[in-house]
Amino acid sequence: MALLQISQELQTHALALDELIAEALHAQQGLPGAHRTAAADFQQLTRELVRCAVIADHEASATWATIGKALGLSADAARARYGKVRLLWPPPPKPA
């Protein structure tokens, strides 16, 4: 379920970023900070999607070696990075 929600949010952010770029090209100027903010949100959602995928794969009996290989990590590095990760969705709100 979380993977689906994150995937939908990524798609929404990608479409919004595409619109910002099109508007900026049309106006030949960018909105200060808008692209950076959209990209940062996209980056955060992507990291969350990877975490959810790792949790799902590990719960489906994938080994740390298999997970690590897909991420360009050793089994030990994958275990160290994701071994204690638990699913928290939706993520807590950002501090103001």
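Since the model is a prediction, treat every value here as computed from it, not as a measurement.

A. Molecular detail of unusual backbone geometry. In this model, S61 sits at a positive phi of 80°, which is unusual for a non-glycine residue. Along the chain, S61 turns up in the loop between helix 2 (34-59) and helix 3 (64-71). Judged by relative accessible area, S61 falls into the exposed class, the value being 64%.

B. Up close: the packing of helix 3 against helix 4 (residues 75-82). Viewed as axis vectors pointing N to C, helix 3 and helix 4 meet at an angle of 90°, and their least axial separation amounts to 7 Å. In terms of orientation, helix 3 and helix 4 fall into the roughly perpendicular class. Here W64, A65, G68 and L71 of helix 3 lie close against helix 4, whose contacting residues are A75, A78, R79 and Y82. Considered class by class, the residues forming the contact of helix 3 with helix 4 number six nonpolar, one polar and one charged.

C. Main features of the nonpolar core. The biggest cluster of nonpolar side chains holds seven residues, and these are V54, I55, W64, I67, A78, Y82 and V85. For this core, the secondary structure elements donating two or more residues are helix 2, helix 3 and helix 4.

D. Quick peek at the pattern of salt bridges. Within this structure, the stated rule accounts for two salt bridges. Across the salt bridge formed by R51 and E48, the nearest N and O atoms sit 2.8 Å from each other. Here E48 and R51 lie together in helix 2, a separation of three residues that amounts to about one turn. Judged by its relative accessible area of 23%, R51 falls in the partly exposed class. Put simply, D76 and R79 hold a salt bridge, and the shortest N to O gap is 2.9 Å. Pair noted here: D76 and R79 are both in helix 4, with a separation of three residues, about one helical turn. Here D76 falls in the exposed class, since its relative accessible area comes to 55%.

E. Spatial organisation of the side chain of E48. Given a relative accessible area of 9%, E48 falls into the buried group. Within the structure, E48 has its side chain in polar contact with the side chain of R51 (distance 2.8 Å).

Quick notes on the rules
Residues numbered from 1 in each chain as written. Predicted model: local features only at pLDDT ≥ 70, side-chain atom pairs only at ≥ 80, totals over all residues. Heavy atoms only, no water. Helix = DSSP H or I, 4+ residues; strand = E, 2+ residues; numbered from the N terminus. Buried < 20%, exposed > 50% of the residue type's maximum accessible area, 1.4 Å probe, protein only. Axes fitted to C-alpha atoms, helices over the stretch in contact; angles between N-to-C directions. Parallel < 35°, antiparallel > 145°, perpendicular 65-115°, else oblique. Contact = heavy atoms within 4.5 Å. Nonpolar A, V, L, I, M, F, W, Y, C, P; charged D, E, K, R; others polar. Core = buried A, V, L, I, M, F, W, Y, C linked by side-chain atoms within 4.5 Å. Salt bridge = Lys/Arg side-chain N within 4 Å of Asp/Glu carboxyl O. Polar contact = N/O pair within 3.5 Å; in protein donor to acceptor, adjacent residues only side chain to side chain.

Everything listed here is a matter of coordinates, which is why it stays silent on function.
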